[in-house]
Amino acid sequence: MSASSTPFSMGFKLAEACAIVGAALLGLRLLPLVIDAGVLNVPVAPLMLFGADVLSGVVHWAFDRWGTVETPLVGPNLIRTFREHHTDPLGITRHGFVEANGGPAMGAIVLLGLGYFVPPTFAVAAFWLGAFGFFTNVVLAWAHGAAPRPVRWLQRAGILLSADHHDAHHRAPHDRAYCITTGWANPLLDRLRVWDRLERAISAATGVEPCRG
Ligand SMILES: [Zn+2]
Ligand SMILES: [Zn+2]
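Residues numbered from 1 in each chain as written. Chains lettered and ligands numbered in written order. Predicted model: local features only at pLDDT ≥ 70, side-chain atom pairs only at ≥ 80, totals over all residues.

Caption draft 1: Examining the overall build of the protein chain more closely. Regarding its fold elements, the protein chain presents ten helices and zero strands. The order of α-helices and β-strands along the protein chain, N terminus first, is α-α-α-α-α-α-α-α-α-α. Over its C-alpha atoms the protein chain spans a radius of gyration of 17 Å, differing by no more than 12% from the 17 Å that the globule rule assigns to 213 residues. Taken over 213 residues, the protein chain has a buried fraction of 40%. Across the protein chain, the fraction of contacts at a sequence separation of at least 24, relative to all contacts at a separation of at least 6, is 65%. (Helix = DSSP H or I, 4+ residues; strand = E, 2+ residues; numbered from the N terminus. Rg over C-alpha atoms; globule rule 2.2 N^0.38 Å. Buried ≥ 20, exposed ≤ 12 C-beta atoms within 10 Å, placed from the backbone. Contact = placed C-beta atoms within 7 Å.)

Shown next, in the form of structure tokens:
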């Protein structure tokens, strides 16, 4: 999800394009280290796929429930598009490459950048977390529209977010199934009412109520 037409859209689009290039370069520079890690990737990659799913839920929940489209910087550029996704779910399938991937690339830059400051094992984890996070909106668009045949197989196998699984989020008041990379974390987080508990805790501490609906 990303900005469409906002007062900040041109500047933000430029930032999105830079973020995509930056994330790709950071990822490529970490790649030899990931290849050298060999079998370490076998447990780390799926673990980070789960981590990316949780992270996608946290970001999605934050922009769905907190702030408004008037919130400086993130309001018109990020919060708006998350909220618009509820009223126009297929909008994401019409986004261009930069519009679809710019927001996740900004998060991926932080994660991939961390890879330069931590020991190699954690750098491998940062690579996979950043790489999976980068593709979150592509996966979401696939869940909403036409997907290549191998992706449909991965959706049916429960490895990537499927339309059926993601449907739960599109039922008002859009307060569950926030995780949008694989959907693996949704049953646990929803059953434990993690989002609701977090909202109550934040409201109790700050007096600010989350946006509902
Ligand atoms: Zn949402
Ligand atoms: Zn959706």
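Caption draft 2: Main features of the packing of helix α4 (residues 97–114) against helix α5 (residues 120–134). The N-to-C vectors of α4 and α5 enclose an angle of 180°; their axes lie 8 Å apart at closest approach. If you check the angle between α4 and α5, you find them roughly antiparallel. Listed contacts from α5 to N101, P104, A105, G107, A108, L111, L112 and L114 of α4 are A126, F127, L129, G130, G133 and F134. Classifying every residue of the contact of α4 with α5 gives ten nonpolar, four polar and no charged. (Axes fitted to C-alpha atoms, helices over the stretch in contact; angles between N-to-C directions. Parallel < 35°, antiparallel > 145°, perpendicular 65-115°, else oblique. Nonpolar A, V, L, I, M, F, W, Y, C, P; charged D, E, K, R; others polar.)

Caption draft 3: Looking closely at the packing of α4 against helix α6 (residues 136–144). Here α4 crosses α6 at 135°, and the two axes come no closer than 8 Å. Taken together, the axes of α4 and α6 are oblique relative to one another. For the pair formed by α4 and α6, the contact residues are A100, N101, G103 and P104 on the first element and T136, N137, V138 and A141 on the second.

Caption draft 4: Geometry of the nonpolar core. Membership of the largest hydrophobic core comes to 47 residues, with the highest contact counts inside it found for A23, L112, F127, W128 and L129. Counting only elements with at least two residues in this core, the list comes to α1 (9–36), α2 (41–65), α3 (74–87), α4, α5 and α6. Take this core: its biggest share by element is nine residues, from α5. Contact partners of W128, with chain neighbours within four places excluded, come to V44, A45 and M48. (Core = buried A, V, L, I, M, F, W, Y, C linked by C-beta atoms within 7 Å.)

Caption draft 5: Here's a closer look at α4. Taking 1.5 Å as the rise per residue, α4 with 18 residues should run 26 Å; its terminal C-alpha atoms sit 25 Å apart, in good agreement. For α4, the principal kink sits at G103 and spans about 35°; a proline, P104, occurs within the next four residues. Among all positions of α4, only E99, A100, N101, G102, G103, P104, A105, G107, A108, I109, L111 and L112 are buried. Looking at the buried residues of α4, the elements they touch are α1, α2, α3, α5 and α6. (Expected span 1.5 Å × (residues − 1). Bend = angle between axes of the 7 residues up to and from the residue.)

Caption draft 6: The arrangement of α3 in detail. Taking 1.5 Å of rise per residue, the 14 residues of α3 would be expected to cover 20 Å, and the 19 Å separating its terminal C-alpha atoms lies within 8% of that figure. Along α3, the largest kink reaches about 35° and is centred on R80. Residues of α3 that are buried include every one of P76, N77, L78, I79, R80, T81, F82, R83 and H85, and no others. Tucked inside the fold, the buried residues of α3 contact α1, α2 and α4.

Caption draft 7: How the structure looks around unusual backbone geometry. Residues A172 and P173 are joined by a peptide bond in cis, for which omega reads 10°. If you trace the backbone, P173 turns up in the loop between α8 (163–167) and α9 (186–191). Of note in the backbone geometry, L73 takes a positive phi value of approximately 65° without being a glycine. Its location among the elements puts L73 in the loop between α2 and α3. The phi dihedral of R193 falls on the positive side, at around 55°, and the residue is not glycine. Mapped onto the elements, R193 comes out in the loop between α9 and α10 (194–206).

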